[in-house]
Amino acid sequence: MNLEPILQVKDLNYIYSAGTPFEHKALENVSFTLNRGEFVGVIGHTGSGKSTLMQQLNGLLKPTSGQVILDGVDIWSDKKITRQARFRVGLVFQYPEYQLFEETVYKDIAFGPKNMGLSAEEIDRRVREAAGFVGITERQLQASPFDLSGGQKRRVAIAGVIAMEPEVLILDEPTAGLDPIGRAEILSNIESYRKAKNATIMMVSHSMEDVARMTDRLLVLYGSHLAMDAPPAEVFTHAQELVDMGLNIPQVTQIFLHLKQMGLDVDNVYTIEQAVSILSRLKEGKVHA
Amino acid sequence: MLKDITLGQFFPGKSPIHRMDPRTKLILTVVYIVTLFLATNWFSYGLMMAFLVLCIKISTIPPKSIVRGMKPLVFILVFTAILNLFYSDGGVELVRIGSLAITTEGLKRAFFMIWRILMLISGTFLLTYTTSPISLTDGLESLMNPLKKLHVPVHELAMMMSIALRFIPTLIEETDKIMNAQKARGADFETGSIIDRAKALVPVLVPLFISAFRRADELATAMECRCYQGGEGRTKMKLLRFSRVDIRAFEVCTCLVAGVVTLAAFGL
């Protein structure tokens, strides 16, 4: 893959309520780079700084020290640039369906593009395209967002951010609280947006299975530090470290680690597909433990 | 940003004032306020001030936080001072601007008025700083109990108050979250005319109301699941009981009132 950096984070520190008794370090010396078209997963225990980090990347929170550089420009160098960063780096919060407010789905998705000051035709094009990415039908566009099901609301909210056509799309647990079909749908929606726009995706998730399957690279946050930054295959070889950080590894990886301990000659595996291919190879070769 | 709002914030502690029965504190706060209006001169004001300082000292509340709580009231204080400054007759005239004059009497009144308001507010702060919202409503409920004879739904009112207090931080947090989500979609709350800014709040208020209703609904269901049916036959986990601290407090306050009344009677 041709790596072209889009978002760089340099020595980021963030302290909540600095200078008061409630002072709390949320991020310490975090540095990493996101490249164009990359799908990056973020994992970390509750309170490890994931949500704080996300809000730094589109200028909702100002770093105590350090820089967030979007396409070569520090997002805090100018007020206009900060505002631009909000549009270029789309942020989907946890349970985004609770932010819907308009009378119709169409108007709600159009809220972001409208704030960008686009022309009416351009807004219309973007709303329809965004709705297409998440599978919202023409009829649903005219419905009230409050008449939709939970999963549909979630997709409308994601479309509301996608409609701004951000180059970097950050999602905080986009599949939390959804059934397996809803999860799969949302993940494939995100993937199709990435493919169509060569956008960078950063997804916070508690599902190791999801991040193992979807991402090119994993950032592991622990105690407000960036503990690991590596492809999932590599991250999941540090099973014990992850468990010590209050995290987990995919179930299939656990099974294969056990198999290895039992003396079977298998690689580290983190998706079902890999497991199937290795197991069938073993079966054919009739390899004995 | 929104989290910085203090709404009669409670400072947990173990001082005698914290340990007092909430009813004692409520009654004595009322007594204190009434006494404050009986005070008329330097001596009685001084006595009240000494009492207040003593109470703050005992409560171990940092005086800084009491001062900080006064900040939003600066406007009212200045306004009162100006009114008293110009609209009092008598005494020696000091400055005259058109038909308005500042006299020594006006100066004295303005000074005493601000002093009184400051003492009044600090006194009530002391109540809310040392009493948790729950015990405060418990105390109110218990004090209003006689009104049940007149079919006033005392328990229900107290319950409503506890629930409202309980949800203030939750709703503040929720507002923060929704504002951030809309900001991420380019909403702008900081620039533009007042009308623009008011309009910009619609995307925050609508989801906030919806979530408030949703929470109310969920809470009602949860309460019903646990067979809540109002105050009828309901017992309390923490019974309110007057202790020795309360008796001492009543004694001290009686002395205070007697002192202020005597000073006022002698016209000192």
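These figures come from a predicted structure and were not determined experimentally. (Residues numbered from 1 in each chain as written. Chains lettered and ligands numbered in written order. Predicted model: local features only at pLDDT ≥ 70, side-chain atom pairs only at ≥ 80, totals over all residues. Heavy atoms only, no water.)

Description of the overall build of chain A
Point 1. What chain A contains, in helices and strands, is 12 helices and 10 strands.
Point 2. The C-alpha radius of gyration of chain A comes to 21 Å, within 12% of the 19 Å expected for a compact globule of 289 residues.
Point 3. Taken along the three principal axes of its C-alpha coordinates, chain A extends 65 × 50 × 40 Å.
Point 4. Counting over 289 residues, chain A shows a buried share of 51%.
Point 5. Looking at chain A alone, contacts between residues at least 24 apart form 63% of all its contacts between residues at least 6 apart.
Point 6. Summed over its atoms, the accessible surface of chain A is roughly 13500 Å², and 51% of this surface lies on carbon and sulfur atoms.
Point 7. The positive charge centre, built from 29 side chains, and the negative charge centre, built from 36, are 3 Å apart in chain A. (Helix = DSSP H or I, 4+ residues; strand = E, 2+ residues; numbered from the N terminus. Rg over C-alpha atoms; globule rule 2.2 N^0.38 Å. Buried < 20%, exposed > 50% of the residue type's maximum accessible area, 1.4 Å probe, protein only. Contact = heavy atoms within 4.5 Å. Areas by Shrake-Rupley, 256 points an atom, 1.4 Å probe, with all protein chains shown as cover. Lys, Arg positive; Asp, Glu negative; His and termini not counted. Charge placed at Lys NZ, Arg CZ, Asp CG, Glu CD.)

Remarks on a nonpolar patch on the surface
Residue and element names in this part refer to chain B.
Point 1. A cluster of nonpolar residues, Phe 75, Ile 76, Phe 79, Leu 83, Tyr 87, Leu 94, Val 95, Ile 97, Leu 100 and Leu 107, forms a patch on the protein surface that exposes about 1000 Å² of accessible area.
Point 2. Secondary structure elements with two or more residues in the nonpolar patch: helix 5 (74-86) and strand 1 (93-97).
Point 3. Ranked by residues supplied to the nonpolar patch, first place goes to helix 5 with four residues.
Point 4. Structurally, the position occupied by Leu 83 is in helix 5. (Patch = residues over 30% accessible without salt bridge, like charges linked within 9 Å, V, L, I, M, F, W, Y side chains within 5 Å. Salt bridge = Lys/Arg side-chain N within 4 Å of Asp/Glu carboxyl O.)

Thoughts on the environment of Asp246(B)
Residue and element names in this part refer to chain B.
Point 1. Residue position: Asp 246 is located in helix 11 (residues 244-265).
Point 2. Judged by its relative accessible area of 1%, Asp 246 is buried.
Point 3. Along the chain, Asp 246 and Pro 16 lie 230 residues apart, while their C-alpha atoms are 9.0 Å from each other.
Point 4. The residues touching Asp 246, leaving out its near neighbours within four places in the chain, are Met 20, Asp 21, Thr 24 and Arg 241.

Quick look at the packing of helix 5 of chain B against helix 6 (residues 104-130) of chain B
Residues and elements named next belong to chain B.
Point 1. At their nearest, the axes of helix 5 and helix 6 sit 8 Å apart, and the two run at 155 degrees to each other. In terms of orientation, helix 5 and helix 6 fall into the roughly antiparallel class. The interaxial crossing formed by helix 5 with helix 6 has right-handed handedness. Across from Leu 77, Thr 80, Ala 81, Asn 84 and Leu 85 in helix 5, the residues of helix 6 making contact are Gly 106, Leu 107, Arg 109, Ala 110, Met 113, Ile 114, Ile 117 and Leu 118. (Axes fitted to C-alpha atoms, helices over the stretch in contact; angles between N-to-C directions. Parallel < 35°, antiparallel > 145°, perpendicular 65-115°, else oblique. Left-handed = near helix turned anticlockwise from the far one by under 90°.)

Remarks on the sheet that holds strand 7 (residues 168-172) of chain A
Residues and elements named next belong to chain A.
Point 1. If you walk across this open sheet you meet the six strands as 6-7-8-3-9-10, and the pairing is mixed. One side of each edge strand has no neighbouring strand; the edge strands of this open sheet are strand 6 (89-92) and strand 10 (225-230). In this sheet, neighbouring strand axes are inclined to one another by 15 degrees on average, regardless of whether the strands run parallel or antiparallel.
Point 2. Bridge count for strand 7 against strand 8 (residues 200-204) is five bridges, and the pairing is parallel. (Pairing = 2+ DSSP bridges.)

As for the sheet that holds strand 5 (residues 73-74) of chain A
Residues and elements named next belong to chain A.
Point 1. Read across the open sheet, the four strands follow the order 2-1-4-5; overall the sheet is antiparallel. Of all the strands in the sheet, the pair left with one neighbour each is strand 2 (24-35) and strand 5.
Point 2. In the sheet, strand 1 (residues 5-16) pairs with strand 2 via eight bridges, with the strands oriented antiparallel. In the sheet register, Gln 8 faces strand 2, and the bridge partner there is Thr 33.

Overview of the domain arrangement of chain B
Quoted interface sizes are often the accessible area lost when the parts come together.
Point 1. Parsing chain B into structural domains produces domain 1 (8-131 + 238-268) and domain 2 (155-237).
Point 2. Taking only C-alpha atoms, the centre of domain 1 of chain B and the centre of domain 2 of chain B are 34 Å apart. (Domains from an automatic or database assignment.)

A short note on the environment of Gly160(A)
Point 1. Here Gly160(A) shows up in helix 6 (residues 150-162).
Point 2. Distance in space between the C-alpha atoms of Gly160(A) and Asn35(A) is 23 Å, their sequence separation being 125 residues.
Point 3. In this structure, Gly160(A) is in contact with Ile109(A) and Arg185(B), ignoring residues within four places of it in sequence.

Examining the pairing of strand 10 of chain A
Residue and element names in this part refer to chain A.
Point 1. The pairing of strand 9 (residues 217-222) with strand 10 spans five bridges and is classified as antiparallel. Paired with Leu 219 across the strands is Asp 229, a residue of strand 10.
Point 2. The turn linking strand 9 back onto strand 10 is made up of two residues, and Gly 223 within it adopts a positive phi angle of 50 degrees.

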